[in-house]
Amino acid sequence: MQEKHRFTWPHKDLLDVSQLSLDEVNHLLDTGEQFHEINRRPVKKVPTLKGKSVVLFFAEPSTRTKTSFDVAGKRLSADTFALTKSGSSITKGETLKDTALTLQAMNPDVIVIRHWSSGAAQYLAERLDCAIVNAGDGWHAHPTQALLDAFSLRNHWGRSFAGKTVLILGDILHSRVARSNVQLLTKLGASVRLCAPHTLLPAGVHNWPVTVHTSLDQAVQGADAVMCLRLQLERQQAGLLPDLSEYATTYCLTARHMAMANPGALVLHPGPMNRGLEIASELADRPESLVLEQVASGVAVRMAILFLHATRKDGGTK
Amino acid sequence: MSSPLIIRNALYLGQAVDIAVRGGVVESVTPHEAARRSFPADTAVHEAQGLKIFPSFADCHVHLREPGYEYKEDIESGLRAAAHGGFGAVMAMANTNPVNDNASVTQSMLAKARATWPHGPRLFPVGAATVGLEGKQLAPMAELAAAGCAAISNDGRPVGGAELFRRCMEYARTCGLIVIDHCEDPTLAKDTHMNEGETSGRIGVKGQSVVAESVQAARDILLAEYLQIPVHLAHISCKQSVDLIRWAKERGVPVTAETCPHYLLLNDTELVNYSPMAKVNPPLRTPADVAAMRQALADGTIDILVTDHAPHAEHEKECTLDEAPNGISGLDSAVPLTWTLVRDGVLSEHDFIRRWCHAPAEIFNLPVNRFAPGDPADFFLFDPEERWVLTPDAMHSKGKNTPFLGRMLTGRVKAHWLGGVRVV
Ligand SMILES: [Zn+2]
């Protein structure tokens, strides 16, 4: 494997896709492809990161992302340790500063962090020597999700997304997935559309490199992929939506919508899905749905991310 | 009582003057050496060497944290920062613990100030508008006025209900006090950590809209016009609010307003890296708002400058943006920071003095030095050229929380007299 990774990874941390050049994105996804191949073998384990330790610090619960990183680490023979909210002192009572000091003391090679505060990953990155991988911070960024989404799309479209149109549908305001995907998809050359009711659109969105729609019927026309976002059900209580059935009537992606998209258009969802609210159940199970492919891509891409960040120092340059 | 004093060769509004002080008051201001006179043998002479002399400034909006939060600041340390910052009078907000909503708290604050800084800076407590700042029941404002409060305010916990706020204005008027309102609609501002706009949308932080401020400023203005009772609007931060205030003043509505150095010098891009030091309420706004604030200060729509001095302990700002408390520690650096506006031609030196000294004294009925015979000998010498770096060690407040840390400031307070007694 080493032979193919002469590329010296220049980043200590992965905080946000905006820090990556197009070459770096492609290198990371290419690396993911090699690991993807390992994941199809009968024995899905290589000794690449033997002796390296990866701490999974999930202050906010997420079974999927945490498991994905855990599997990714183990397949590379890294030791993975979970530090979760329950079963440790990580509650809203302990400051992130104290948590950071605890984590530092464990002397890990990589810390994967999921946190409710936007900027939490950067906070750790500024204070700790080891690599910090942002697995989602507040509403800010979810770079590994965006990279795995791109990885899934690349398997269908090839390396350049020029000429492709991706619609991101749902709660854009609170979505770190949307923010990271807008940055990454536009970097890869795709045109991006966003669609949501005004209550779920962020301030300043009209200056993002996207087109903004409130009508799904309009937004979906000519799309090559539709990325549904998860809707937090408490948005209704927060006064942002009248009721969930009205939301579903207006913004749930259905086969009727997909008929207006370009032929062969793909459907993505970061999961877990609220079937019938964000995405029609039957649509989620159709072949053009990449939902399960995204899960498999997630492991491969996260293997690449752990590999590049955990071995960076071994490459000689700091 | 202080001994006679001569300040020689100070620059007052561009003129070299000698200032004679006797009995704690200004005796005369004469052109430098114009009249060589003989002074009593015990006269102290201070050679000002051409430094600027300003009447002591008033800061009508500070949080001194005592009683209850002395680990952030106490009256002694807060007044020390004021003295070194050029302030001879400070008005301290009521959000202490216990809240300053009764005479005993007011009196204990005043006693502490007299004990620690007998010659000043003078403390003028601001009483709570409602009991416990809870926005339910009027505070005993007559009692607070009698105990020595200089104004009434629910600052920090704005009164959301228009009916109750009306009664606050009316009752405070009855007690001879003016209400200072922190203009913030509590529902529009709920759980917000910075200005709502381009930056908050991009970095994924819940933002506070400018209308959270201006909608309440509009309410206050309309009440002031209807009731014909003055109201003072605290730490105004955005263009929408100053447009409303300008409109109100043109109509003759009795409204006055203040802003702080940070709303004139910083914008919300300070927060792109989630810097807790730049977290303040109201939040730092956009560059367009900053331009509007500067314009409003220059044309007098904004009457006065204040610091909204809000000291916090170091560990309290050592966290993520959403967990950090609001506030900037301002007393130590406010004068040099706003001196930039004179250097930039936004304010004349005369207006600089007016916004920091004469106008606050008029609005809140504070003692003031206009350098007329008999005025309190409250003044400080200021080197307008000295460049210095704002470091924690250079600050006298316990609170070192300011986004200006590490920045080069131009202009420095060199000496400060209050009632003819040198305090710095
Ligand atoms: Zn306030």
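Residues numbered from 1 in each chain as written. Chains lettered and ligands numbered in written order. Predicted model: local features only at pLDDT ≥ 70, side-chain atom pairs only at ≥ 80, totals over all residues. Heavy atoms only, no water.

- For chain B, the name recorded in an unreviewed UniProt entry is Dihydroorotase, with Desulfovibrio psychrotolerans as its organism.
- Its UniProt record gives chain B a comment under Sequence similarities (unreviewed entry), which states: "Belongs to the metallo-dependent hydrolases superfamily. DHOase family. Class I DHOase subfamily." (UniProt positions renumbered as here; feature names shortened; annotations may be inferred.)

- Under an unreviewed UniProt entry, the name given to chain A is Aspartate carbamoyltransferase, and the organism recorded is Desulfovibrio psychrotolerans.
- We quote the UniProt Subunit (unreviewed entry) comment for chain A here in full: "Heterododecamer (2C3:3R2) of six catalytic PyrB chains organized as two trimers (C3), and six regulatory PyrI chains organized as three dimers (R2)."
- Quoted verbatim from the Pathway (unreviewed entry) field of the UniProt record, the comment on chain A reads "Pyrimidine metabolism; UMP biosynthesis via de novo pathway; (S)-dihydroorotate from bicarbonate: step 2/3."

## As for the side chain of Ser53(A)
Next, step 1: With respect to the helices and strands, Ser53(A) occurs in strand S1 (residues 53–58).
Next, step 2: When sequence neighbours within four positions are dropped, the list of residues in contact with Ser53(A) reads Asp79(A), Phe81(A), Asn107(A), Pro108(A), Asp109(A) and Val110(A). (Helix = DSSP H or I, 4+ residues; strand = E, 2+ residues; numbered from the N terminus. Contact = heavy atoms within 4.5 Å.)

## Concerning the sheet that holds strand S6 (residues 57–62) of chain B
Residues and elements named next belong to chain B.
Next, step 1: Pairing is parallel across the open sheet formed by eight strands, whose spatial order is S6-S7-S8-S9-S10-S13-S14-S15. With one partner strand each, in any of the chains shown, S6 and strand S15 (304–305) form the two edges of the open sheet.
Next, step 2: In this sheet, strand S8 (residues 122–127) lies alongside strand S7 (residues 87–92) in parallel orientation, the contact comprising four bridges. Residue pairing for S8: Val-90 is matched across the bridge by Leu-123. (Pairing = 2+ DSSP bridges.)

## Focus on a nonpolar patch on the surface
Next, step 1: Side chains of Leu188(B), Val211(B) and Val215(B) sit close together on the surface and give an oily, nonpolar patch of about 210 Å² of accessible area.
Next, step 2: With respect to the helices, strands and loops of the structure, Val215(B) is situated in helix H6 (residues 210–227). (Patch = residues over 30% accessible without salt bridge, like charges linked within 9 Å, V, L, I, M, F, W, Y side chains within 5 Å. Areas by Shrake-Rupley, 256 points an atom, 1.4 Å probe, with all protein chains shown as cover. Salt bridge = Lys/Arg side-chain N within 4 Å of Asp/Glu carboxyl O.)

## As for the coordination of the zinc ion
Residues and elements named next belong to chain B.
Next, step 1: Bound to the zinc ion are the protein donor atoms Asp-155 (OD), His-182 (ND1) and His-235 (NE2), situated 1.9 to 2.3 Å from the metal.
Next, step 2: For the zinc ion, the single-chain donor residues occur in sequence as D-x26-H-x52-H. Remark: His-235 occurs in the loop between strand S13 (231–233) and helix H7 (239–250) and Asp-155 occurs in the loop between strand S9 (151–153) and helix H4 (162–174); sequence separation between them is 80 residues. The residues Asp-155 and His-235 share a single accessibility class, namely buried. (Donors = N, O, S within 2.8 Å, 3.2 Å for Na, K, Ca; no water. Buried < 20%, exposed > 50% of the residue type's maximum accessible area, 1.4 Å probe, protein only.)

## Concerning the UniProt feature "binding site: substrate" (unreviewed entry) in chain B
Residue and element names in this part refer to chain B.
Next, step 1: This chain's UniProt record puts "binding site: substrate" (unreviewed entry) on His-63, Leu-64, Arg-65, Asn-95, Asn-281 and His-312. Put simply, the named residues that line the second largest pocket are His-63, Arg-65, Asn-95, Asn-281 and His-312.
Next, step 2: Locating His-63 in the fold gives a position in the loop between S6 and helix H1 (75–85).
Next, step 3: The class for His-63 is buried, based on a relative accessible area of 6%.
Next, step 4: Not counting residues up to four positions away in its chain, the partners in contact with His-63 are Met-93, Asn-95, Asp-155, Asp-308, His-309, Ala-310 and Pro-311. (1 Å grid on protein atoms, 1.4 Å probe; cavity = no way out; pocket = protein on both sides within 12 Å on 5 of 7 lines; lining within 4 Å.)

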